[in-house]
Amino acid sequence: MPKEQPMSNAISMLMVAIPSAIMASLCTSYLLSSHHKALPKDEPNQSSSSSSKESTSPPPNQDREKEENEEEEDEEEQPHHHLGPENTPELQYQLNLRGKVDRIYQHHGPKPFEFDSEVVSVFDDMVSRSVPLYCEVIDLAIYWFERYYQPGTKVYDLGCSTGTTLDVLVRATKAMMMKKDSKWKEEQDDAKTCCTFVGVDNSQAMVAACQEKLKWVADQDDKEDNSIMIDIRCDDILNVGIQDASFVIMNYTLQFVPVVRRQELLHSISKGLHPGGILLLSEKVRTACSELQETCTWIYEDFKERRKYTKREIARKKEALMNVLIPFTEGELRDALSSAGFENVEIVAKWNNFTTFVARKKAPVLSDDKSIARSQKKISVKQVTPHLDALFDMCPVYLNDYVEPKLLGTVCTQRMQYFAEKGAMSNDTLETFDEIARMIQQLPKLSSKTLVVDQPVLTMGDPDELTAEQMDVLHQCVNALKPWKKGPLCIFGTHIDTEWRSDFKWERLQQSLPNLKDKVVCDLGCGNGYFMYRMLEYSPKLVLGVDPNLHAWLEFHLFQRISGVENIKFEYMRGDIMASFPGMFDVVFCLGVLYHTPDPITMLKDIHKSMKGKSTLIVDCQGIPGDDDIALFPKKRYTNMKGVYFLPTLNTLRSWLQRANFRCIEVIFNEELSTDEQRSTEWAPVRSLEESLDPADKTKTVEGYPRAHRFYVKCMK
């Protein structure tokens, strides 16, 4: 995948002998003086292969030339710190820029930006003229590469484009290998392996240009010298598994990757890096503040004007990149990198809204045996869950259609982080759940001929659709998933009498349902998805369930394995994710959730934000009888349940909704919670409501609190 809209110069090859202090001065001199020089017309650049400074810098006026000569004389008199490795005659590399001057958007109007042959022909000029600190970041890469490359491992450039960065690194590597008494060379020799440079780009034209630029490596290499290998691939970086790497470069590439797949890519990079390995990541970023973002854009457009882009070209390029280049904020990038497994994330270069990060994968800590033994006693290693991980959809493409691009990265990062934590469950529980996930994956993926969603019992699958062996796996799976909370269910002929008679609730709600046909619906606190499947009777466009219960998530995946229904999704997240879905939903169901949250008004406000105008919210909340404006706050448990915070009266529930800006509040149902609705069964061996009431006074709980009532309320945004 190629790199970002780039920065240009009117010369084809910038030759730099390093390490020396000339590198920085050349880049700065060129950037400061290039806008004084008239660019040549659209024709291939011609330049000398000499590494002299005269061949790289635009001719200044006489005064400026005199000043520069004086400065150079001063520099020669003063000892200076060399960039990169030591300055010896053998150490030399080139910043090899080729092709035509970028005038693509001077000649025609905007078209969707793509890295085709036309862009490739001017890319070196484009990137060197459009990206601030282009030379300096490549120079930085040499430092980090020399310090953190691990002998015998691979170096990846993801979105390598025409290969300029790879070309520089290969030349620097050869120079370091030639240096006598080099510790770097000794380590490489000890490893008795080669240094492999892998460049990946999804543009065939880019790959061809990269191969041409690096052709000199094969031409110059001794046939018996296999110390350096070059591997240039035309492929999507999302399909390339990073393996055996210690140094990965991704400059101005991530911003072109679909937002929902960026976290997946960063995880792949982290997984493929050796401990202590480095990702050098450069990105165009945006600010969280729209006013500051406008200022950053104004500064950047002036930067491009001073490098001889016209206002028309700048405007056309900007329009062409719309919805193609989608930047993250710095905070989102830090979160994404941390979530992917990078321990240290630092900004090492920044100009306005162009930022270069160095992210380091956690390195092993060297210690004595006693210290290691002590630390092992303190640290509990998280259970590995390969089968659970396989069920998790790392790139939910459907979100592209519903979530704002500027929020999509945050949502993807949050869902990845929450799944990685898995609710801080014990290793025993995780091991059990991973085994259940393994059994689910042993079942065939079906679109069962039997799916009944309009009857009290949610029925899916006929027994004759499974083999005897598969049926045995199913029975093991459904038994391992006890206790079953929501139903009743019938799965391949196995009747499951669940703890809750959820069909009672649905029958009451059906009388007041809004129109669900072709609507986007959310079931907040969806459990295993019983109500989502019941909604299918009314032909919704999408039903999205949100629930932080991993047990329920597994039950839902079993349903999906059998039914093959595509317009039902489950996000394993807390309710606070709702604020990241602004204006998404036509209808929201919040059933049995509010009394489990410590801040019900904030949750209602988040729900309100997630809804479209004139949309409908249906709330089911346990509460207490009475007309007072109060809510019960149990000390520890309520009817033997943990995690119960506030049980409101009906008036208090109305006040909560009003404070969250809901209107047209209508009470659908208000009755005492029935012992017929929540029970202990063979499939749910839990403590029943009957057991949780005071034996001497059924209007009170065993804790002495008022018995719960059920409030169903319908309201509008």
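Here we summarise the structure given alongside this text. For every chain, the first residue of the written sequence is number 1, and numbering continues from 1 onward in sequence order. Reporting in this predicted model follows two pLDDT cut-offs: at least 70 for local features of residues, and 80 or more for side-chain atom pairs to be given and counted; totals over whole chains, interfaces and linings ignore these cut-offs and use all residues. Hydrogens and water molecules were not included; the side-chain quantities draw on all heavy atoms of the structure.

**With respect to the pattern of salt bridges**
Working step 1: Salt bridges, as used here, are contacts in which a Lys or Arg side-chain nitrogen is within 4 Å of a carboxyl oxygen on Asp or Glu. With the rule as written, the count across this model stands at 24 salt bridges.
Working step 2: D302 is the partner of R306 in a salt bridge, and the nearest nitrogen-oxygen pair spans 3.0 Å.
Working step 3: Each residue is placed in one exposure class: buried if its accessible area under a 1.4 Å probe, protein chains only, is under 20% of its type's maximum, exposed if it is over 50%, and partly exposed if it falls in between. R306 gets classed as partly exposed once you look at its relative accessible area, which sits at 33%.
Working step 4: Residue classification places D302 among the partly exposed positions, given a relative accessible area of 34%.
Working step 5: Of the charged contacts in the structure, one is a salt bridge between E672 and R707, with a shortest N-O distance of 3.5 Å. Linking E672 in strand 23 (residues 663-672) with R707 in the loop between strand 25 (697-701) and strand 26 (709-716), this pair joins segments that are 35 residues apart in sequence.
Working step 6: By relative accessible area, R707 is classed as buried at 11%.
Working step 7: Linked through salt bridges whose partners overlap, the residues forming this network are K505, D620 and R710. Segments assigned H or I by DSSP are reported as helices when at least four residues long, segments assigned E as strands when at least two residues long, and all are numbered from the N terminus.

**As for the pairing of strand 18 (residues 568-571)**
Working step 1: Here, strands pair whenever DSSP counts at least two bridges between them. Bridging between strand 17 (residues 542-546) and strand 18 involves four bridges; their strand directions are parallel. Each bridged residue has a counterpart across the sheet, and for L544 the counterpart in strand 18 is K569.

**Focus on the nonpolar core**
For soluble globular proteins, nonpolar side chains are generally found buried alongside one another.
Working step 1: What makes a nonpolar core is a set of buried Ala, Val, Leu, Ile, Met, Phe, Trp, Tyr and Cys residues whose side-chain atoms join them at distances within 4.5 Å. With 140 residues, the main nonpolar core has I269, L558, I607 and L617 as its most contacted residues.
Working step 2: With seven residues, the single largest contributor to this core is helix 21 (residues 550-563).
Working step 3: Leave out the neighbours within four places in its chain, and I607 touches L524, M578, V588, C590, L617 and F662.
Working step 4: Judged by nonpolar contacts, the second largest core, of 51 residues, contains I104, L166, M177 and Y300. Residues count as neighbours in contact if any of their non-hydrogen atoms are within 4.5 Å of one another.

**Some details on the environment of L591**
Working step 1: Inspection of the secondary structure puts L591 in strand 19 (residues 585-591).
Working step 2: Its relative accessible area of 3% is what places L591 among the buried residues.
Working step 3: Between the C-alpha atom of L591 and that of C526, which follows or precedes it by 65 residues, the distance is 7.8 Å.
Working step 4: Ignoring anything within four residues of it in the chain, the contact list for L591 reads K505, L509, L524, G525, F531, I618 and D620.

**A few points about helix 16 (residues 405-421)**
Working step 1: Expected span, for any helix, means 1.5 Å times one less than how many residues it has. Between its terminal C-alpha atoms helix 16 stretches 25 Å, which fits the 24 Å expected from 17 residues at 1.5 Å a residue.
Working step 2: All buried positions along helix 16 are accounted for by L408, G409, V411, C412, T413, R415, M416, Y418 and F419.
Working step 3: The elements touched by buried residues of helix 16 are helix 10 (259-272), helix 13 (330-339), helix 15 (386-391), helix 21 and strand 18.
Working step 4: Immediately downstream of helix 16, the backbone of K422 shows phi near 50°, a positive value.

**With respect to the side chain of S610**
Working step 1: Mapping S610 onto the fold places it in helix 22 (residues 600-610).
Working step 2: The class for S610 is buried, based on a relative accessible area of 0%.
Working step 3: Once you skip the residues sitting within four places of it in the chain, S610 turns out to touch M578, F581, P582, G583, M584, F585 and V588.

**Structural notes on the packing of aromatic side chains**
Working step 1: What counts as a ring pair is set by centres within 6.5 Å for rings of Phe, Tyr and Trp (its six-membered ring), and what kind of pair is set by the plane angle: stacked under 30 degrees, edge-to-face over 60, tilted for all other angles. Under the counting rule described, the total for this entry stands at 23 aromatic pairs.
Working step 2: Consider the rings of F145 and F247, whose centres lie 5.7 Å apart with planes at 70°: the pair is edge-to-face. On the criterion of sequence distance, the pair formed by F145 in helix 5 (residues 134-148) and F247 in strand 6 (residues 245-251) is long-range, its members being 102 residues apart. The exposure classification of F145 matches that of F247, with both residues buried.
Working step 3: Note on F556 and F570: the rings are 5.3 Å apart at their centroids and 50° apart in plane angle, and the pair reads as tilted. Here F556 is found in helix 21, whereas its partner F570 is found in strand 18, with 14 residues between them in sequence. Neither F556 nor F570 differs from the other in exposure class; each is buried.
Working step 4: As a reminder, the over-ring test applies to NZ of lysine and CZ of arginine, requiring each to be within 6 Å of the ring centre and within 35 degrees of the ring normal. A cation over a ring is seen here: K304 above Y309, with NZ or CZ 5.3 Å from the ring centre.
Working step 5: The ring centre of F419 lies 4.2 Å from the NZ or CZ of K422, which sits over that ring.

**Some remarks on the environment of Q211**
Working step 1: In this fold, Q211 is placed in helix 8 (residues 204-213).
Working step 2: Relative accessible area serves as the criterion here: at 40%, Q211 is assigned to the partly exposed category.
Working step 3: Taking the C-alpha atoms as reference points, Q211 and G163, 48 residues apart in sequence, are found 7.6 Å from one another.

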